[in-house]
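# Residue-level structure breakdown
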Amino acid sequence: MSTLTPVLSIAGSDCSGGAGIQADLKTMSANGCFAMSVITSVVAENTSTVISVLDVESKIIADQIDAVFQDIRPAAVKVGMLDNPDIMQVVADKLVEYQADNVVIDPVMYAKNGAPLMDPNCIDSLIKIVIPHADVLTPNIPEAECISGLKITDLEGQKAAAKAIQEMGCTSALVKGGHATGDAIDVLYDGKDFYEFSAKRIDTKNTHGTGCTYSSAIAANLALGYPFHEAIGRAKQYVTMAIEHSLELGKGNGPTNHFWDLYAHGLAGFDATK
């Protein structure tokens, strides 16, 4: 009898399939895990726009988390879109109640097209309620600027923001460089040292859901038991691959190709007899 390592995504739903829960489930599956989900918001969006958002009631969010942890405990948890303080609080309380392992939090504030996915007035709540529960927080540059209050114009700015955010209570902060120029360099600060994760920048507009994909890949690799820095490095390689082979779908920013490597090379080492 075979099994897969379970991983949980707590996030919003993207009906167009490129970001949110849909991207998380694809990413976790492509990285060899059993993906589970708790939906916090239903987002009517596509590659060009966000039409509307409906938040799920806090009790239903709590019940979903209970249903997962009481039956199939995840080896890692990725947290994405948390639209308001009530949702933030119920998720934070459940992470504490179940002493969740390997918590990766992507502080989703905006869709790729710039539409807000979190009330801008909730930054203080995010800092107070959510950030302290992250083993790694994964803001992009605009999100890191909002959280830290610092302007980021170069690598040193990323380092300063990562340090400021880590000091807000998370175990580590990974400030991603996707919005910068040159190579895509992400800066991690773990409270002691800085680390850089670099990849070539892919010339494409089709980057819908890259933040969701990256954070989910980190969670998957942590769940699989890879050491912390190696898990981030493997996730960086994965999201770079997904961007390099991104899909020309939709009228706006198309999605990444979560399963390209699997389609191209199959499941390396997979034994169908087991």
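Worth saying up front: this structure is predicted, and the values here are computed from it rather than measured.

Attention now moves to helix H8 (residues 228–244). Counting along an α-helix, one turn takes 3.6 residues, and residues three or four places apart therefore face a common direction. With 17 residues, H8 ought to run about 24 Å at 1.5 Å a step, and its terminal C-alpha atoms sit 25 Å apart, in line with that. For H8, the complete set of buried residues consists of Ala231, Ile232, Ala235, Lys236, Tyr238, Val239, Thr240, Met241, Ala242 and Ile243. Here the buried face of H8 lies against helix H1 (20–30), strand S7 (173–175), strand S8 (184–189), strand S9 (194–199), helix H7 (210–223) and helix H9 (260–265).

Regions with low pLDDT carry predicted coordinates that are not meant to be interpreted in detail. In this model, the protein carries a mean pLDDT of 92, and residues with pLDDT of at least 70 account for 94%. Across residues 269–274 the pLDDT falls below 50, and counting only partners more than four positions away or on other chains, this stretch makes zero contacts in the model.

Relative to each other, helix H2 (residues 58–69) and helix H3 (residues 85–97) sit at 25 degrees, their axes nearing to 9 Å. When the interaxial angle is binned, H2 and H3 end up roughly parallel. At the point where H2 passes H3, the crossing takes the right-handed sense. Across from Ser58, Ile61, Ala62, Ile65 and Asp66 in H2, the residues of H3 making contact are Asp86, Ile87, Val90, Val91, Lys94 and Glu97. For the contact of H2 with H3, the per-class residue count stands at six nonpolar, one polar and four charged.

Analysis parameters
Residues numbered from 1 in each chain as written. Predicted model: local features only at pLDDT ≥ 70, side-chain atom pairs only at ≥ 80, totals over all residues. Heavy atoms only, no water. Helix = DSSP H or I, 4+ residues; strand = E, 2+ residues; numbered from the N terminus. Expected span 1.5 Å × (residues − 1). Buried < 20%, exposed > 50% of the residue type's maximum accessible area, 1.4 Å probe, protein only. Contact = heavy atoms within 4.5 Å. pLDDT = per-residue confidence, 0-100. Axes fitted to C-alpha atoms, helices over the stretch in contact; angles between N-to-C directions. Parallel < 35°, antiparallel > 145°, perpendicular 65-115°, else oblique. Left-handed = near helix turned anticlockwise from the far one by under 90°. Nonpolar A, V, L, I, M, F, W, Y, C, P; charged D, E, K, R; others polar.

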